[in-house]
Amino acid sequence: MTTATLSRNKETSKADKLGSKSFNRLAATCLTLWALIWLVPFAWAVITSFRPGDEITANPMSIWSDHWTLDAYTNAFKLNSIGWWYLNSFLISTLSVIFTVVICSLIAFGLAHLRFQGKGALMVLILAGLMVPMEALVLPQFMEFRSLGLLGTYWALILPATASPVAVFVFRSFLKGIPDALIEAARIDGASWWRIYREICMPLCRPAISAVGIFTFITTWNAFLWPLLVLTQTKSQTIPVGLSGLLGATGVNQAEVLASAVLGLLPLLAVFLVAQRQIVQGVASTGIK
Amino acid sequence: MTTTTTAPGPGIAKVDTTPIDNSGRDTKAGWLFSAPFLVLYALFLIGPVLVGLVISFFNTATVKNDLGEFVALENYTDVLGNLDFWKSMWHSTLFTILTVPFLVVLPLLAAIFASRISRNQWFYRIAFFAPYVVPSASVCLIFSFIYAPESGLFVKALDLVGLPAPDFLGSTNGAWLSLTILTVWWTFGFNFVLYTAALQEIPEETYEAAAIDGASPWQQMRSITVPLLRPTISLVLMLQILASLKVFDQIFILLQGGPNLSTRPVIQYIYDTGFTTYRGGYAAAATMVYFVTLVIISAVWMLATRRRGADA
């Protein structure tokens, strides 16, 4: 019995070495193919956006052109208000990032390093906020903003995103990593809480700032339903809302639509490529959008 | 130090058991630091919930500023007795049933494959995660051509292997198929990254020990990787269910809920009743029913993970 098991073990372990090697090779091949397939929609959209309109009509799926051209891009700017949409999206996203980072890091600092009454209740309140699905509440949100007279303004897009429970938890767990001794020492030296926040904690918090900042930027840039309701004039729209209007629009050819789609995703792709590592670590550390 | 090790965010924060010091040494400063957040939180997070609750008891018109008449529970009985509302609830549920299995299992598989490859990790990260950061409108514009009948990329690809192509945008079944493919392509990367991070936490030695004991890669996957990843799998499952139940963008942009409203999700139902027919009070009641459903699901999950955390 024992010898049988032993010899079987030997056999399998030998087979395993081979098995595990070929398994790894198989995994690599499958995954590379998989990833290449994932890139097809992007690649196809970019290639087609550089082909002239009549060629696309004649042969929509070809990936070659005899006359590569930038026409679709210049037309996209001429036909639509893409320039305005860019400006709106940039302003709204940037301001949202600044507000979110400042407001959420302030309360997170309090929760991480200050001792005060009601802190436990605050934590519960923010934890409960994680469960509130804001996307479901657009209608009452709209009514509220109308009675506040904020419809059609940038504020309507910036304000709702800034009190983010997720951002508070990211900052808080990061700030908790700063040793109490350091903060006590600064207190003894007579530093105010504000100075400790600004001059000690925020500089040490850079990774959390970039994680929260990048995520806020991406989510506000990509927001669709709320800006669709709030910003109704063509020139005040954001990129996603403006682009969605191109679907099935007349007088725009396929290359121009695809060029616009590419223009809409370009800034985000750039942010992603530059900040790849922070984004991936950010997702890993929050676990919640 | 990476953020991964220092910042166990909310997903994990639920098991954060750091005792909270309530002695009021810095009470004034504490509330001052919290004030800006609390004001915005009260106005724009709690505010809409309360506004929705109040309006749902009135026959408010979305275009007018006054509340209208008090109608007690009439809006709720109307909503709960409305077939179109339940159809839209079913569409959101069906979308969830269609997308969740793919978005929980496929990224896990890809992440396990990726963990076995030491080189070119960046390539997989870019290929899988890049679609996730792209706006829904860009995705829908690109896919509207890919799904185009006769000339579209998909139809051509299916032709090539000799399969009949469904009417991707014109038939209900085709529409669900195209929505599922688009959504899996678009959001796959988020879950892939969650799994990848969790896989990196499993020490190399575990596998080495298993390999010495003669476990095949398949056995290692089944008896080490998947059991150790169980908390992550349950997190991904829950986040995905909630995200899928909140679907709106793709269905609205690509199909306007069509063909013939046969894919219209709840959010679009609320949008249509509230902003096209201006029945604000009625739409608010629909909002509250949907809202409570989502909150119950996340509350149940939060309590369940808490209990499991306490047991362990």
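Thresholds, definitions, all that
Residues numbered from 1 in each chain as written. Chains lettered and ligands numbered in written order. Predicted model: local features only at pLDDT ≥ 70, side-chain atom pairs only at ≥ 80, totals over all residues. Heavy atoms only, no water. UniProt positions renumbered as here; feature names shortened; annotations may be inferred. Salt bridge = Lys/Arg side-chain N within 4 Å of Asp/Glu carboxyl O. Helix = DSSP H or I, 4+ residues; strand = E, 2+ residues; numbered from the N terminus. Buried < 20%, exposed > 50% of the residue type's maximum accessible area, 1.4 Å probe, protein only. Contact = heavy atoms within 4.5 Å. Buried area = accessible area lost by both parts, 1.4 Å probe. Polar contact = N/O pair within 3.5 Å; in protein donor to acceptor, adjacent residues only side chain to side chain. Nonpolar A, V, L, I, M, F, W, Y, C, P; charged D, E, K, R; others polar.

Naming follows an unreviewed UniProt entry, where chain B appears as Sugar ABC transporter permease of Kineosporia mesophila. Within the UniProt record for chain B, the comment given under Sequence similarities (unreviewed entry) is "Belongs to the binding-protein-dependent transport system permease family."

Looking up chain A in an unreviewed UniProt entry gives the name Carbohydrate ABC transporter permease, with the organism given as Kineosporia mesophila. Under the UniProt heading Subcellular location (unreviewed entry), the note attached to chain A is "Cell membrane".

A. Geometry of the pattern of salt bridges. Scanning all chains against the criterion turns up three salt bridges over all chains. One salt bridge in this structure joins Lys246(B) and Glu135(A), with 3.4 Å as the shortest N-O distance. Of this pair, Lys246(B) sits in the loop between helix 12 (230-245) and helix 13 (249-255) while Glu135(A) is found in the loop between helix 5 (119-129) and helix 6 (138-147), placing the two residues in two different chains. You can call Lys246(B) partly exposed: its relative accessible area is 22%. On the basis of relative accessibility, which here comes to 39%, the residue Glu135(A) falls in the partly exposed class. With its nearest N and O atoms 2.8 Å apart, the salt bridge here joins Arg264(B) to Asp272(B). Here Arg264(B) and Asp272(B) have matching classes, each one buried.

B. Molecular detail of the UniProt feature "domain: ABC transmembrane type-1" (unreviewed entry) in chain B. This chain's UniProt record puts "domain: ABC transmembrane type-1" (unreviewed entry) on residues 89-301 of chain B. Here residues 89-301 of chain B is 76% helix and 0% strand, with 20 Å between the C-alpha atoms at its ends.

C. Spotlight on the UniProt feature "transmembrane region" (unreviewed entry) in chain A. Under the UniProt annotation, "transmembrane region" (unreviewed entry) lies at residues 26-47, 84-109, 121-142, 154-175, 208-229 and 257-275 of chain A. Span residues 84-109 of chain A is 100% helix and 0% strand, its end C-alpha atoms 37 Å apart.

D. Geometry of the interface of chain B and chain A. On the chain A side, the residues contacting the 118 residues of chain B number 112 residues. Between chain B and chain A lies a buried interface of about 10,500 Å² when both sides are counted; carbon and sulfur atoms form 77% of it. Contact with chain A buries surface across chain B, with Phe33(B), Phe37(B) and Phe44(B) losing the most and accounting together for 8% of the total. Linking chain B to chain A there are one salt bridge. Where chain B meets chain A, there are 12 residue pairs in polar contact (both at pLDDT 80 or more). Ranked by residue count, the leading element in the side of chain B that touches chain A is helix 3 (residues 27-55) of chain B, at 20 residues. Grouping the amino acids of the side of chain B that touches chain A by side-chain chemistry returns 77 nonpolar, 29 polar and 12 charged.

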